[in-house]
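Summary of structural features
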2 protein chains.
Amino acid sequence: MAKSTRKSVVGQPLAIGIDIGGTGTKFGIVDRDGNVLFSGEMSTKKHAEVNTFIDELYTVLSELIEKAGGIGRMKGIGVGAPNGNFYTGTIEYAPNLPWKGIIPLAKLIENKFNLPVTLTNDANAAAIGEMMYGAAKGMKDFIMITLGTGVGSGIVANGKLIYGHDGFAGELGHTIVIPDGRFHKGTGKKGPLESYASATGVTLTAIEMLENSKEDSLLRKVPKDKLDSKAVYDAAIAGDKLALEIFEFTGKILGLALANAVMFSSPEAIVLFGGLTKAGDLILKPTREHMEANLIQVFQNKVKILISHLRESDAAILGASALVWDMK
Amino acid sequence: MAKSTRKSVVGQPLAIGIDIGGTGTKFGIVDRDGNVLFSGEMSTKKHAEVNTFIDELYTVLSELIEKAGGIGRMKGIGVGAPNGNFYTGTIEYAPNLPWKGIIPLAKLIENKFNLPVTLTNDANAAAIGEMMYGAAKGMKDFIMITLGTGVGSGIVANGKLIYGHDGFAGELGHTIVIPDGRFHKGTGKKGPLESYASATGVTLTAIEMLENSKEDSLLRKVPKDKLDSKAVYDAAIAGDKLALEIFEFTGKILGLALANAVMFSSPEAIVLFGGLTKAGDLILKPTREHMEANLIQVFQNKVKILISHLRESDAAILGASALVWDMK
């Protein structure tokens, strides 16, 4: 499905932003001021082959391109994707995508659309979006963390995104916070942040706590296949003690990870984005508390934890499209 | 004590490098090619007051300045110090120094010597030294880690040192690797890298392992006040099983911390420096192994672990002095 949200100024060059997630892909056409003029989404998951994915993307996006004035107005395409590599334009071994190995995604899209394509990690794209249009406007040192199905991050230092020597920097979600901790199915590692501070992680914590405690809880009435971070949120809002403990535990681990990130690159702010942030203070309060508790004195009471105020449906598209304006 | 190592080219401008450590302070006069022309050292620890420290520094360094052609040839002074802040020229709450609170060190030295002073964290200074003269020459993305009495780090990304928004970035030694782990006396935190992967940490591991195991070991014959990382090294070289386990354990924790750092900034190399690196493969082999084991696939078998080849006595001075050439 595709929808039109605003009219564009005739003749102004436009950028296409595509955000590829493990479940769905969002795309849109954006002007230089960050207005998402047209946008749509499609399933990623159902495409076992990247080629059928590209074909469907072409079909749905071509419709929007026509509406926005045709291919001639498009300056280029920016893509945010898990494990996307800015230097090579490839996706490499993305644990949350259906396509395994190394996928030359930028090249595939470029060939199909006949437009220049630039690609990066989805969280890096989000960081660029926040720096250009969002909560990190004007900041030179900040960390963007996306708390969705997984945990992504984009790190900006000295006013520039850190890509690292190979283009893969910023995988905070895979750093080990609990040595020999919870198993991560996608990577086979034990105890990474993503196993705890994601929607998936919250669900796993709920299952564990329900099993290991005898405490009464609203969550015991939720059918197993409906037990997710939303169910935990609803129970917590209703005052359920176990649900509150689940958020407290999640915040404890996220706070520890944030403290470690702060002691690494000393950002002015950490910008949080994604489904889990909807829990508001339920997750933010313990996160902030445990972050401060793990920081050495010199870093205490300095770092802002901000929630992205970009519309969730726009932010990823904005970030990806922002890459286009930097193109040579 | 002060010694002369090389003759300088008459008239060429020179830089003074000062490296302040918890125990001792090293200083030297360096030319643009990185030759340490004159150098010396003094105690830090015995000066409970920073003013008497500055006075002694002035006395011993003035001697060298005279030998090197007088104050007129000195372009400036670069200082590396724990918790040294590049932006403000202050040392703030340095747990390993005798002076507490916020010390305006750059200003104090500037007033005493009447020369421009620039200051940074000791490990940042070492990183700049490695980038200009050492193992990281030509690299744009690397991490420098100093494994001495404590653990320091300097992170370079996009060819620039990461100072963070407040000048305090790069405190990898204080990141928590074992939640609720070993207590750190200086900071009051539990489980930071420095509590394990420093000379102090190795000694603590030795004490713990000797207490918790009944195994025979050469280390049982070492008097308690002589039980240090050097004693563990000597025993390990002699094939002592417990001593080898101490290094294996240290490497396991260091490797985990390196993996987390790699997934953060994806450096081309990690440059290790300091006393612990003298243990060579005893520490490097388990470190490398556990780093790889904790990395997700996209980072595996890519990152070099290098040992600094700068002379230990020179490296810190070189790094601090290198700051001077960047002065405005």
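Because the structure is predicted, anything quoted here is derived from the model rather than measured.

Section: the packing of helix 6 (residues 241-265) of chain B against helix 7 (residues 281-294) of chain B
All names here are of chain B. Contact geometry for helix 6 and helix 7: axes closest at 7 Å, N-to-C directions at 40 degrees. As summarised for this structure, helix 6 and helix 7 are arranged oblique, according to the angle between their axes. Between helix 6 and helix 7 lies a crossing whose hand is right-handed. Of the residues in helix 7, those in contact with Phe247, Glu248, Thr250, Gly251, Lys252, Leu254, Gly255, Leu256, Leu258 and Ala259 of helix 6 are Leu282, Ile283, Lys285, Pro286, Thr287, Arg288, Glu289, His290, Met291 and Asn294. By residue class, the composition of the contact of helix 6 with helix 7 is 9 nonpolar, 6 polar and 5 charged.

Things to note about the sheet that holds strand 12 (residues 269-273) of chain B
Residue and element names in this part refer to chain B. Strand order in the open sheet formed by 5 strands is 11-10-9-12-13, and the pairing between neighbours is mixed. Strands with a single pairing partner mark the edges of an open sheet, and in this sheet they are strand 11 (160-161) and strand 13 (304-307). By the bridge criterion, 6 bridges tie strand 9 (residues 142-147) to strand 10 (residues 151-157) in an arrangement that is antiparallel. Counted as the bridge partner of Ile145 is Ser153 from strand 10.

Details of the pairing of strand 12 (residues 269-273) of chain A
Residue and element names in this part refer to chain A. The element strand 12 is largely enclosed, with a buried count of 4 among its 5 residues. Strand direction decides the pairing type here: strand 9 (residues 142-147) and strand 12, joined by 5 bridges, are parallel. Within strand 12, the position partnered with Ile143 by the bridge is Ile270. The pairing of strand 12 with strand 13 (residues 304-307) spans 4 bridges and is classified as parallel. The partner of Ile270 across the bridge, within strand 13, is Ile305. Running through helix 7 (residues 281-294), the crossover from strand 12 to the neighbouring parallel element strand 13 is right-handed.

So, the sheet that holds strand 13 of chain A
Adjacent strands of a sheet pair through backbone hydrogen bonds, lying either parallel or antiparallel. Strand order in the open sheet formed by 5 strands is 11-10-9-12-13 (chain A), with mixed pairing between adjacent strands. In this open sheet, the two edge strands, each paired with only one partner strand, are strand 11 (160-161) and strand 13 of chain A.

Here we look at the interface of chain B and chain A
Each side of the interface is counted separately: chain B has 38 residues, and chain A has 39 residues. Put simply, the parts of the chain that give the side of chain B that touches chain A at least two residues each are strand 10 and helix 6 of chain B. With 6 residues, the single largest contributor to the side of chain B that touches chain A is helix 6 of chain B. For the side of chain B that touches chain A, a count of residues per class yields 18 nonpolar, 12 polar and 8 charged.

Some words on the relation of the copies chain B and chain A
Mapping chain B onto chain A is achieved by rotating through 180 degrees and translating by 0.0 Å along the same axis, at an RMSD of 0.0 Å. Overall, the copies show the geometry of a two-fold rotation axis. Looking at chain B, 100% of its interface residues are interface residues in chain A too, so the copies touch through the same face.

Notes on the environment of Glu268 of chain B
Residue position: Glu268 of chain B is located in the loop between helix 6 and strand 12. Distance in space between the C-alpha atoms of Glu268 of chain B and Phe142 of chain B is 5.5 Å, their sequence separation being 126 residues. Discounting chain neighbours no more than four positions away, the residues touching Glu268 of chain B are His165 of chain A together with Met139, Asp141, Phe142 and Lys304 of chain B.

Side note on the domain arrangement of chain A
Residue and element names in this part refer to chain A. For chain A, the assigned domains read domain 1 (2-129 + 312-325) and domain 2 (138-307). The C-alpha-based centres of domain 1 and domain 2 are spaced at 27 Å. Here the element with the most residues in the side of domain 1 that touches domain 2 is helix 3 (residues 122-133); it accounts for 6 residues. In terms of residue class, the side of domain 1 that touches domain 2 is made up of 8 nonpolar, 7 polar and 1 charged.

Structural notes on helix 2 (residues 105-113) of chain B
Residue and element names in this part refer to chain B. Residues Leu105, Ala106, Ile109 and Phe113 constitute the buried set of helix 2. Around the axis of helix 2, the buried residues are gathered within 100 degrees of arc, so they sit on the same side. Considering only its buried residues, helix 2 is in contact with helix 1 (50-67), strand 5 (74-81), strand 6 (91-92), strand 7 (102-103) and strand 8 (117-121). Following helix 2 by one or two positions, Asn114 adopts a phi angle in the positive range, close to 55 degrees.

What counts and how
- Residues numbered from 1 in each chain as written.
- Chains lettered and ligands numbered in written order.
- Predicted model: local features only at pLDDT ≥ 70, side-chain atom pairs only at ≥ 80, totals over all residues.
- Axes fitted to C-alpha atoms, helices over the stretch in contact; angles between N-to-C directions.
- Helix = DSSP H or I, 4+ residues; strand = E, 2+ residues; numbered from the N terminus.
- Parallel < 35°, antiparallel > 145°, perpendicular 65-115°, else oblique.
- Left-handed = near helix turned anticlockwise from the far one by under 90°.
- Contact = placed C-beta atoms within 7 Å.
- Nonpolar A, V, L, I, M, F, W, Y, C, P; charged D, E, K, R; others polar.
- Pairing = 2+ DSSP bridges.
- Buried ≥ 20, exposed ≤ 12 C-beta atoms within 10 Å, placed from the backbone.
- Right-handed = clockwise from strand over helix to strand, strands pointing away.
- Least-squares fit on C-alpha atoms with pLDDT ≥ 70 in both.
- Domains from an automatic or database assignment.
- Arc of directions from axis to C-beta.

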